[in-house]
Amino acid sequence: MLDPNELYQLTDDLPELGQPVLIQALSGFVDAGNATRIAREHLMATLDCRTIATFDVDQLLDYRSRRPIMIFVEDHWEHYEQPKLELNLLRDDAGTPFLLLSGPEPDFQWERFVTALIGLVERLGVRLTVGLNAIPMAVPHTRPIGVTAHATRPDLILGYESWLQRIQVPGSAGNLLEFRLGQAGRDALGFAVHVPHYVAQSEYPGAAELLLNSVSRTTGLLLPTERLRLAAEAVRVEIDQQVAQTDEARSLVQALEEQYDAFTRGRSGPNLLANSVGPLPTADELGAELERFLAEHGRSGETGGS
């Protein structure tokens, strides 16, 4: 393995951090409802934020797989949206410092990247690492949003019920970080919020709100969520209006409600992952009107920086 310390540059003028929490909010291949992105951008937009470490994305990113945006104007290239993978220092509403890892999930050198992060965890005295994720589930938007919690020690997530049994899923750099931290005897946990699969391609700020509330609950950080709550209420009203316009959409959402209620009563039966259940409604089956609303809402991006 190449030297992990050469993968990043750390600022020389670090303030006193105490024993901060590190929130890992990388952009991966699954982010249902854009919940992780919304949560990350919300924190960076509403709290004091300063970059303290930058990673060499040229070594980590597959540009041909995720091509950065460039802007062409008339006869010249005006702008290049350079990818950034950074460790940021923020302060919560009480002034407590915490760290936020933001940027694209690496395509290459996962083990080196994770080793570099563990080195930073040790160097900066991080007491707890928290990963954020959002997954599509066969659940209705009319029921409370669920969340799956996982950790390197069970007592880190006391009070959270299990929604899933044993499953096999594609790996991610963020989950690998939690796994390796556990092997190293360090505390780490993660939250995967459950997003209704028929809104998985749209902005769903309620899921971002739950992610941040879950972080606050387990870490003691005072993270702002009021603007996310208001955005979530507005989205809920709009989805309800669209569902009410067609009998098909109403009946399909009702079917999801019945399955959800039966599952929560018994906490048994199949997983509620959208791709692992039986003949449940799909996004296409929710009808043209609902799909049109979801597509338009997803393009608006109005809730991303709320």
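Use the structure listed above.
To keep things clear, this report deals only with the structure shown in the data block. If you're wondering where the values come from, they're calculated on a predicted model, not measured in any experiment. (Residues numbered from 1 in each chain as written. Predicted model: local features only at pLDDT ≥ 70, side-chain atom pairs only at ≥ 80, totals over all residues. Heavy atoms only, no water.)

### Points about the packing of helix 4 (residues 205-219) against helix 5 (residues 226-243)
Applied cut-off: Between the N-to-C directions of two axes lies an angle of 0 to 180 degrees, each axis being a line fitted to C-alpha atoms and, for a helix, fitted only over the stretch in contact. Secondary structure elements are taken from DSSP: a helix is a run of H or I of four residues or more, a strand is a run of E of two residues or more, and numbering for both begins at the N terminus. It is the rotation of the near helix from the far one that decides the hand of a crossing: anticlockwise by less than a right angle makes it left-handed, clockwise makes it right-handed. It only takes one pair of heavy atoms within 4.5 Å for two residues to be counted as in contact. Residues are grouped as follows: Ala, Val, Leu, Ile, Met, Phe, Trp, Tyr, Cys and Pro are nonpolar; Asp, Glu, Lys and Arg are charged; all remaining types, including Gly, are polar.
At a closest axis distance of 7 Å, the pairing of helix 4 and helix 5 adopts a crossing angle of 150 degrees. Relative to helix 5, helix 4 is oriented so that their crossing is left-handed. Contact residues: helix 4 offers Pro-205, Gly-206, Ala-208, Glu-209 and Leu-212, while helix 5 offers Leu-228, Arg-229, Ala-231, Ala-232 and Val-235. Residues that form the contact of helix 4 with helix 5 fall into these classes: seven nonpolar, one polar and two charged.

### A short note on the layout of surface pockets
The probe, sized like a water molecule, is rolled over the atoms to show the empty space still left. For clarity, the threshold we go by: In this analysis, the protein atoms alone were mapped onto a 1 Å grid. Cavities are point sets where a 1.4 Å probe fits without being able to get out; pockets are open sets with protein on both sides within 12 Å along at least five of seven lines; lining residues have an atom within 4 Å of a point. Grid points are joined across faces, edges and corners, and a volume is the space filled by probe spheres set on the points.
Here the largest pocket defines a volume of roughly 1200 Å³. Lining of the largest pocket is provided by 49 residues; of these, Asn-133, Ile-135, His-150, Val-169 and Asn-175 occupy positions nearest its centre. When contributions to the lining of the largest pocket are tallied by element, the ones reaching two or more residues are strand 2 (21-27), strand 8 (128-137), strand 9 (147-151), helix 3 (173-183) and strand 10 (188-196). Split by residue class, the lining of the largest pocket holds 25 nonpolar, 19 polar and five charged. One number sums up the size of the second largest pocket: a volume of about 520 Å³. In terms of lining, the second largest pocket is formed by 18 residues, of which the most central are Ser-27, Glu-81, Pro-83, Lys-84 and Pro-104. For the lining of the second largest pocket, the residue count by class is six nonpolar, four polar and eight charged.

### Some words on the sheet that holds strand 3 (residues 49-55)
Short version of the rule: Being paired, for any two strands, means DSSP has found at least two bridges between them.
The strand order across the open sheet built from eight strands is 1-3-6-7-2-8-10-9, with neighbouring strands paired in mixed fashion. The sheet is open, and its two borders are formed by strand 1 (8-10) and strand 9, each paired with just one other strand. In this sheet, adjacent strand axes meet at a mean angle of 25 degrees when their direction is disregarded. Inspection of the sheet shows strand 8 paired to strand 10 by nine bridges, in the parallel sense. Looking across to strand 10, one finds that Asn-133 is bridged to Ala-192. The sheet strands contacting helix 2 (residues 110-123) are strand 1, strand 2, strand 3, strand 6 (86-91), strand 7 (97-104) and strand 8, and the helix crosses strand 1 at an angle near 15 degrees.

### Structural notes on the pattern of salt bridges
As a reminder, the rule being used: Note on definitions: salt bridges are taken to be side-chain nitrogens of Lys or Arg within 4 Å of carboxyl oxygens of Asp or Glu. Throughout, exposure labels follow a simple rule: accessible area from a 1.4 Å probe, protein chains only, divided by the maximum for the residue type, with under 20% read as buried, over 50% as exposed, and the rest as partly exposed.
If you walk through the whole model with that rule in mind, you get 14 salt bridges. Residue Arg-143 pairs with Glu-257 through a salt bridge whose shortest N-O separation is 3.7 Å. Of this pair, Arg-143 sits in the loop between strand 8 and strand 9 while Glu-257 sits in helix 6 (residues 247-266); the two residues are 114 residues apart in sequence, bridging distant segments of the chain. Taking the relative accessible area as the measure of exposure, Arg-143 reaches 26% and is therefore partly exposed. The exposure class of Glu-257 is buried, given its relative accessible area of 18%. A salt bridge links Glu-226 to Arg-229; its shortest N-O distance comes to 2.4 Å.

### Topic: the packing of aromatic side chains
The test is simple: We call Phe, Tyr and Trp rings a pair once their centres come within 6.5 Å, taking the six-membered ring for Trp, and we label the pair stacked below 30 degrees between planes, edge-to-face above 60, and tilted otherwise.
A full pass over the atoms with the stated rule returns four aromatic pairs. Considering the side-chain rings of Tyr-8 and Phe-55, the 5.7 Å spacing of their centres and the 50 degrees angle between planes classify their relative orientation as tilted. With Tyr-8 in strand 1 and Phe-55 in strand 3, this residue pair connects regions lying 47 residues apart in the sequence. The residues Tyr-8 and Phe-55 share a single accessibility class, namely buried. Their ring planes at 65 degrees and their centres at 5.3 Å tell us that Phe-55 and Phe-113 sit as a pair that is edge-to-face. Taken together, the residues Phe-55 in strand 3 and Phe-113 in helix 2 connect sequence positions 58 residues apart. Take Phe-55: its relative accessible area is 7%, and that puts it in the buried class.

### Section: a nonpolar patch on the surface
Our working rule: Any residue with relative accessible area above 30% and no salt bridge may belong to a patch, with like charges joined within 9 Å and the nonpolar Val, Leu, Ile, Met, Phe, Trp and Tyr side chains within 5 Å. Throughout, the Shrake-Rupley method with a 1.4 Å probe supplies accessible areas, and for residues the shown protein chains are the sole cover considered.
The grouping of Met-70, Phe-72, Trp-77 and Tyr-80 at the surface amounts to a nonpolar patch, some 460 Å² of accessible area in total. Tracing the sequence through the fold places Tyr-80 in strand 5 (residues 76-80). Tyr-80 gets classed as partly exposed once you look at its relative accessible area, which sits at 36%.

### A few points about the environment of Ile-38
With respect to the helices and strands, the residue Ile-38 is situated in helix 1 (residues 35-46). For Ile-38, a relative accessible area of 0% puts it in the buried group. In this structure the C-alpha to C-alpha distance between Ile-38 and Ala-207, which are 169 residues apart in sequence, comes to 9.0 Å.

Geometry only, nothing functional implied.
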